Amino acid sequence: MFFKRTFWKKVEVRMKIRVLYVIGHGGFGGIERHVQGILQNIDTTAVEPHLCVVMEGGPISDEIGRLGVSVTVINAHSGHDVRILSQFRDLLKKFKPDVIHAHEMQLLVLLTLMICQKIPVVYSIHCPVKQMDQSWWKSMWIISGMSYRIDRFVGVSQSTLDSLLTCVPKVKPRSLVVFNGLSMENLPKKDSFGLRQEFRIPDTAPLICGVGRLAEQKDWNSFLSVCAGIHNVLPICHFLAVGDGSLRDALKQRGSELGLDNNLHWLGARTDARRIIGGSDLFLFPSLHEELPTTLLEAFAMRTPVAGFLPTGGTAEVIALSKGKTVAMLLEKRDCTALTQVVLSILQNHDESVHMVDEAYKLVCNHFDMKIIAAQLVHVYQSLVYGANLKKD
């Protein structure tokens, strides 16, 4: 920051804040997509970004590089690889960041930051503390023991932040919530015809999709149970499962046992999840736990009706922002038979869902547009560099 004297008065001129974003991997994950959205929407007149990928790069870090953002990939074998210590330290010397915004806090990165005491650190928490690691107490020990080195703790939902404050209450004065967001520019057009052509699905067949890792948390078993119930009533209905994971073989086997082989399409991990959600007649959302689900926001943005179960975590915070208006049909009781009936009602009464998807779209635009989220983060960076308070403008 410096001052420029004009004919009338002295005017404060602020330089760009150099922000170093730190993530673990460059693959197609929720954290990586979140950081990509930030970097697509950050005000580059206020922030000069650089991305550090601690382990291997991937499609998301490659796409970030194509945005014109400088990217450094350390290629560490793990979060405890000693190469992190030297390479991350060299990066700090080269880039000279004003702020470091970490989204995954590997131990050696923290140790390096302890050496560089003058650089403010922002740490975004994307999941409850007890889900950070199989040995979650190790993560808790690291955060608690080194919390003095972190200047701002940012929860992606109040639920996420509360999980931290329950374990480390002393950091509350340095904590705040900045929701996950969604880039609303360049959304794909709703392309039901193209989607059906790609997967050879009849034009008259209802199309239901699910998106997420093939893991216990996403409760794909309930997804399959609901699909089977719908198939019994509407045998022409087709189902798209987008995602990959350790449960893939077991889930495909269960799908076969339920008689869904001819109607269930396992698509694996895809970079065009929004296109698939937008081209579907309904997005099925059975997750057990979500902090702030990007796929739910994507369905809202694509004006696709949503039905599912209300997971624990931050999803209820999203719904609460609708102020009583219906934006999704999420059941509190995990009853697959009841959910099947809800889905069939939406499919058979399309006109009734029009108001719901309109309200859902407004909700995303008003609260979760990534431009809003990125502006909130710029304010956090400025508060650290220039000493402004944390109240939003």
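We now turn to the structure provided with this report. Each chain has its residues counted from 1, following the order in which its sequence is written. Since the coordinates come from a predicted model, pLDDT governs what is reported: local features require at least 70, and pairs of side-chain atoms require 80 or more to be given and counted, while whole-chain, interface and lining totals use all residues. Remark: hydrogens and water are excluded; side-chain values derive from all non-hydrogen atoms of the structure.

**Structural notes on the nonpolar core**
Among the buried residues, those of types Ala, Val, Leu, Ile, Met, Phe, Trp, Tyr and Cys that are joined through side-chain atoms within 4.5 Å form a nonpolar core. Think of it in three bands: with a 1.4 Å probe and only protein chains considered, a residue is buried below 20% of the maximum accessible area for its type, exposed above 50%, and partly exposed in between. Within the largest apolar cluster, 93 residues are counted, with the highest numbers of intra-cluster contacts made by Leu20, Tyr21, Phe88, Leu240, Phe300, Val306 and Tyr381. Strands here are runs of E lasting at least two residues and helices are runs of H or I lasting at least four, both read from the DSSP assignment and numbered beginning at the N terminus. The element best represented in this core is helix H15 (residues 370-386), accounting for nine residues. Here, two residues are considered to be in contact whenever any of their heavy atoms come within 4.5 Å of each other. Filtering out sequence-adjacent residues up to four positions away, Tyr381 remains in contact with Ile17, Val19, Tyr21, Ile42, Val47, Val99, His101 and Val122. Core analysis: the second largest hydrophobic core is formed by 27 residues, Trp220, Leu251, Leu339 and Val343 among them.

**Thoughts on the pattern of salt bridges**
Should a side-chain nitrogen of Lys or Arg be within 4 Å of a carboxyl oxygen of Asp or Glu, the pair is scored as a salt bridge. Per the stated rule, a full pass over the model turns up 17 salt bridges. Between Asp151 and Arg149 there is a salt bridge, with the nearest N and O atoms lying 3.8 Å from each other. Relative accessible area serves as the criterion here: at 26%, Asp151 is assigned to the partly exposed category. The shortest N-O distance in the salt bridge between Asp281 and Arg196 comes to 2.9 Å. Taken as a pair, Asp281 in the loop between helix H10 (273-279) and strand S13 (282-285) and Arg196 in helix H7 (residues 192-198) lie far apart in primary sequence, 85 residues in all. Overall, the relative accessible area of 31% leaves Asp281 in the partly exposed class. Residues participating in the shared-partner salt-bridge network are Glu198, Arg270, Asp272 and Arg275.

**A few points about helix H1 (residues 30-41)**
Side chains that are three or four residues apart share a direction in an α-helix, a result of its 3.6 residues per turn. Take the residue count of a helix, subtract one, and multiply by 1.5 Å to get its expected span. Counted at 1.5 Å a residue, the expected span for H1 with its twelve residues is 16 Å, and the 17 Å between its end C-alpha atoms agrees. Within H1, nine of the twelve residues are buried, leaving the element largely enclosed by the surrounding structure. Where H1 is concerned, the buried positions are Ile31, Glu32, His34, Val35, Gln36, Gly37, Ile38, Leu39 and Asn41. If you follow the buried residues of H1, they end up packed against strand S3 (17-23), strand S4 (47-53), helix H2 (59-66) and H15.

**Considering the packing of helix H13 (residues 336-348) against helix H14 (residues 350-367)**
Two numbers describe a pair of packed helices, the interaxial angle and the distance between the axes. Fitting a line to C-alpha atoms yields each axis, with helices limited to the stretch in contact; the angle taken between N-to-C directions then spans 0 to 180 degrees. Interhelical geometry of H13 versus H14 gives an angle of 100° and a closest axis separation of 5 Å. Comparing the axis directions of H13 and H14 gives the class roughly perpendicular. On H14, the residues that touch Ile346, Leu347 and Gln348 of H13 are His350, Ser353 and Met356. For this classification, under 35 degrees means roughly parallel, over 145 means roughly antiparallel, 65 to 115 means roughly perpendicular, and everything else is oblique.

**Brief notes about the packing of H1 against H2**
Their axes nearest at 10 Å, the elements H1 and H2 cross at an angle of 5°. Between H1 and H2, the crossing angle belongs to the class labelled roughly parallel. Listed contacts from H2 to Glu32, Arg33, Gln36 and Leu39 of H1 are Ile60, Glu63 and Ile64. Gly is put with the polar residues, along with every residue not named as nonpolar or charged; the nonpolar set is Ala, Val, Leu, Ile, Met, Phe, Trp, Tyr, Cys and Pro, and the charged set is Asp, Glu, Lys and Arg. For the contact of H1 with H2, the class distribution of residues is three nonpolar, one polar and three charged.

**Quick word on the sheet that holds strand S11 (residues 238-242)**
One open sheet holds the six strands; their spatial order is S12-S11-S10-S13-S15-S17, and the pairing between them is parallel. Across the chains shown, the open sheet's two edge strands, defined by having one partner strand only, are strand S12 (264-268) and strand S17 (329-331). When the angles between neighbouring strand axes are averaged without regard to direction, this sheet yields 20°. Two strands form a pair only when DSSP identifies at least two bridges running between them. Pairing of strand S10 (residues 207-211) with S11 involves five bridges; the strand directions are parallel. Bridge pairing in S11 links Ile208 to Phe239. Its contacts with the sheet place helix H8 (residues 220-233) against S10, S11, S12, S13 and strand S15 (306-309), and it is angled at close to 170° to S11.

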